[in-house]
Amino acid sequence: MNISHIILYAIVPILVIMLLGFVSGKRGVFSGDDAKKFNKVVLNYALPAALFVSIVQASRADLVKDIKLTLISIVGIMFCFMLVYFVFKYCFKKNTGADAAVSALISGSPTIGFLGFAVLEPIFGTSPSVALVVAIVGIVVNAIGIPVGLSLMNASLEKSAPQTAGKHESAWKPVIRALKQPVAWAPILAVVWVVVGIPWPAYLSPSFDLIAKANASMAVFSAGIILSAIRLDINRQAVLGSIFKMVLMPAVLLCMGLIFKMDPLNLKMLVAAGSLPPAFSGIIIADEYNTYIATGTSSLTLSIILFIGFCPLWIWLTDMAINAHMFGF
């Protein structure tokens, strides 16, 4: 894999668009509220359309080949998610369970919905395989990680507010809410479509492509606006969160992929997905609950800066590891 190609075609365009968003935010052209609206367009329309139209063009054979990818994504990402939660809950005395849950939602989840296509397509090309990786990791983050994080957060908040003890929320409600989101059910519907074997009419694709193409650019621009609206406060927890996200998660996914002999291309894409910055959804949830906002946003900002170097580094390391593994080293 050509590192200069990755930097010029995947990293630099993201930085340019993000810088435009950052400058626009600083100049007052757009605000944090505008960024939230852009995010809604991405999560509710652009990303679901991109995932759906890409996946329905795959075949049953592609899905069977990707079962291992699905299992490793679930186990690897959720292992990192829960590890972040327990470390931040029990190793930092001032943190509440809600703080730890937000930490897990940020440092234990890659921002696959916002940057997945923007990073993977320039590196690996436009194909159903890229869409399946984005979809699978997106389902893990949105349909498993977010409900688990919200359940842990709600449990902690209920303990700190005993007056609401008689109004416990069902543990399944966050799961149901997550599955109602287009970013969760659209890829699931597309997978069912392929499994059933319904041919996808090619003439329908352009109707999805137009909004789908707005996904990456709008998401990255919105990220720049968000960064312009926060105050950077680097501390031990922010640094540790960045290490968990940018070092631990890609390492876990790489090791699992090698041990269970994943398809090399899928492994490269999965590790690249794991090296993405933290999920912006964690910051959105932190803002809604007014919990762990300063440290969480600082960890996100630091991880985005580290992403510039760690993304090509992890792709290079994955290439090296796969070659060594193939030749028995």
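Use the structure listed above.
The sections below set out a description of the structure shown in this document.

The rules we used
Residues numbered from 1 in each chain as written. Predicted model: local features only at pLDDT ≥ 70, side-chain atom pairs only at ≥ 80, totals over all residues. Heavy atoms only, no water. Helix = DSSP H or I, 4+ residues; strand = E, 2+ residues; numbered from the N terminus. Rg over C-alpha atoms; globule rule 2.2 N^0.38 Å. Buried < 20%, exposed > 50% of the residue type's maximum accessible area, 1.4 Å probe, protein only. Contact = heavy atoms within 4.5 Å. Areas by Shrake-Rupley, 256 points an atom, 1.4 Å probe, with all protein chains shown as cover. Phe/Tyr/Trp six-rings, centres within 6.5 Å; stacked < 30°, edge-to-face > 60°. Salt bridge = Lys/Arg side-chain N within 4 Å of Asp/Glu carboxyl O. Axes fitted to C-alpha atoms, helices over the stretch in contact; angles between N-to-C directions. Parallel < 35°, antiparallel > 145°, perpendicular 65-115°, else oblique. Left-handed = near helix turned anticlockwise from the far one by under 90°. Nonpolar A, V, L, I, M, F, W, Y, C, P; charged D, E, K, R; others polar. Expected span 1.5 Å × (residues − 1). Bend = angle between axes of the 7 residues up to and from the residue. Disulfide = S-S within 2.5 Å. Lys, Arg positive; Asp, Glu negative; His and termini not counted. Polar contact = N/O pair within 3.5 Å; in protein donor to acceptor, adjacent residues only side chain to side chain.

**Digging into the overall build of the chain**
Check the secondary structure of the chain and you find 15 helices and zero strands. Against the 2.2 N^0.38 benchmark of 20 Å for 329 residues, the chain shows a C-alpha radius of gyration of 19 Å, consistent with a compact globule. Its C-alpha atoms give the chain principal-axis dimensions of roughly 55 × 45 × 45 Å. Expressed as a percentage of the 329 residues in the chain, the buried residues total 52%. Within the chain, residue pairs in contact and separated by at least 24 positions form 86% of the contacts whose partners lie at least 6 positions apart. Roughly 15000 Å² of accessible area belongs to the chain as shown, and the carbon and sulfur atoms make up 69% of that amount.

**A look at the packing of aromatic side chains**
For the coordinates displayed, the defined rule picks out twelve aromatic pairs. Considering the side-chain rings of F86 and Y90, the 6.2 Å spacing of their centres and the 10° angle between planes classify their relative orientation as stacked. Separated by four residues within a single helix, F86 and Y90 lie in helix α4 (residues 67-90), roughly one turn from each other. For F86, a relative accessible area of 41% translates into the label partly exposed. We classify Y90 as exposed; its relative accessible area is 57%. In this structure an aromatic cluster arises from ring pairing among F52, W193, W200 and F208.

**Here we look at the pattern of salt bridges**
With the rule as written, the count across this model stands at one salt bridge. In this structure, D319 and K268 form a salt bridge, with 2.8 Å as the shortest nitrogen-oxygen distance. Of this pair, D319 sits in helix α15 (residues 293-326) while K268 is found in helix α13 (residues 264-274), placing the two residues 51 residues apart along the sequence. Overall, the relative accessible area of 10% leaves D319 in the buried class.

**Some words on the packing of helix α2 (residues 32-55) against helix α11 (residues 214-228)**
Working note: a packed helix pair is described by the angle between its axes plus the distance between those axes. Orientation of α2 relative to α11, taken along the N-to-C sense of each, is 155°, at an axis distance of 9 Å. As judged from the angle between their axes, α2 and α11 are roughly antiparallel. The handedness of the crossing between α2 and α11 is left-handed. Seen from α2, the contacting residues are G32, A35, F38, N39, V41, V42, A46 and L47; seen from α11, they are A214, N215, M218, A219, F221, S222, I225 and I226. Its residues assigned to classes, the contact of α2 with α11 shows twelve nonpolar, four polar and no charged.

**Concerning α2**
Look at α2: 32 Å from first C-alpha to last across 24 residues, which is about the 34 Å you get at 1.5 Å a residue. The largest bend along α2 reaches roughly 40° and is located at V42.

**Considering the packing of helix α12 (residues 236-259) against α13**
With their axes 8 Å apart at the nearest point, α12 and α13 run at an angle of 160° to one another. With respect to α13, the axis of α12 lies roughly antiparallel. In this structure, the crossing between α12 and α13 has a hand that is right-handed. Counted together, K245, M249, P250, L253, L254, G257 and L258 of α12 and L267, L270, V271 and G274 of α13 form the full contact between these two elements.

**Some points on the environment of F221**
Its place among the elements puts F221 in helix α11. Taking the C-alpha atoms as reference points, F221 and V16, separated by 205 residues in sequence, lie 9.0 Å from one another. With sequence-adjacent residues up to four places away left out, F221 is seen in contact with I17, L20, G21, S24, F30 and F38.

**A few points about the state of the cysteines**
Summed over all chains, the structure comprises zero disulfides. With no disulfide of its own, C255 lies closest to C80 among cysteine sulfurs, the gap being 10 Å. The exposure class assigned to C255 is partly exposed, which follows from its relative accessible area of 44%. The structure places no disulfide on C311, whose sulfur is separated from the nearest cysteine sulfur, that of C80, by 17 Å.

**Details of the environment of A104**
Secondary-structure assignment places A104 in helix α5 (residues 97-107). Taking the C-alpha atoms as reference points, A104 and S228, 124 residues apart in sequence, are found 23 Å from one another. If sequence neighbours within four positions are ignored, A104 has contacts with F81, V84, Y85 and S109.

**Brief notes about the side chain of D99**
Within the element layout of this structure, D99 appears in helix α5. No salt bridge forms around the buried D99; measuring N to O, its nearest opposite-charge neighbour K94 is 11 Å away. For D99, the side chain forms a polar contact with the main-chain nitrogen of T96, separated by 3.0 Å. The residues touching D99, leaving out its near neighbours within four places in the chain, are K94, T291 and Y292.

Any link to function would need more than the numbers given here.
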